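# Residue-level structural notes
Letter by letter, the chains look like this.
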Amino acid sequence: EAATLRSLAAQQPPPEPVGAEPPKDKDGAYGSKGDACSACKFAATASCAMYKTCVCYATNTHFAVGGIPDAKDTQHWRWACGDEGGSKYELCF
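These remarks concern the structure in this document. (Residues numbered from 1 in each chain as written. Predicted model: local features only at pLDDT ≥ 70, side-chain atom pairs only at ≥ 80, totals over all residues. Heavy atoms only, no water.)

So, about the pairing of strand β1 (residues 57-60). Taking every second residue as pointing to the same face, both faces of β1 are buried, with Tyr57 and Thr59 on one and Ala58 and Asn60 on the other. Bridging between β1 and strand β2 (residues 77-80) involves four bridges; their strand directions are antiparallel. Its bridge partner lying in β2, Thr59 is registered against Arg78. The pairing of β1 with strand β3 (residues 90-91) spans two bridges and is antiparallel. Paired with Tyr57 across the two strands is Leu91, which belongs to β3. (Buried < 20%, exposed > 50% of the residue type's maximum accessible area, 1.4 Å probe, protein only. Helix = DSSP H or I, 4+ residues; strand = E, 2+ residues; numbered from the N terminus. Pairing = 2+ DSSP bridges.)

Structure (structure tokens):
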């Protein structure tokens, strides 16, 4: 009976993403928290599964390391659909 109901259900396309996906820097990360959050929003709004469950968080994955010269690029932002990664993740919106 469930298989019959599923076969009768109209297939719907995924929703249109909100905004534009920001470009990543040469290192593969986003250059700002805002860009990482925008990328999360773009991905989450384009997926039926993520639309209702994703709460966007972002973190800068650059960490100073002793004995290593100061890096010129210290902005390596990544996004996640939750803060399970720890206290360094900040809520986007």
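What follows picks up the thread again.
Ordered by their spatial adjacency, three strands build an open sheet running β2-β1-β3, and the pairing between neighbours is antiparallel. Here the strands that pair on one side only, and so sit at the sheet edges, are β2 and β3.

The next point concerns the state of the cysteines. Evaluated as defined, the whole model comprises three disulfides. Covalently, Cys37 is tied to Cys92 through a disulfide, its sulfur atoms 2.0 Å apart. Its torsion about the S-S bond being -80°, the disulfide of Cys37 and Cys92 is classed as left-handed. Of this pair, Cys37 sits in helix α2 (residues 33-45) while Cys92 sits in the segment after β3, and the two are 55 residues apart along the sequence. For Cys37, a relative accessible area of 4% corresponds to the buried category. Paired by a disulfide, Cys54 and Cys81 hold their sulfur atoms 2.0 Å apart. On the sign convention where negative is left-handed, the bridge of Cys54 and Cys81, at about -85° about the S-S bond, is left-handed. Highlighted residues: Cys54 in the loop between α3 (48-53) and β1 and Cys81 in the loop between β2 and β3, separated in sequence by 27 residues. Owing to a relative accessible area of 15%, Cys54 belongs among the buried residues under this scheme. For Cys81, a relative accessible area of 33% gives the class partly exposed. Across the chain, the way the bonded cysteines pair up, counted in sequence order, is 1-6, 2-4, 3-5. (Disulfide = S-S within 2.5 Å.)

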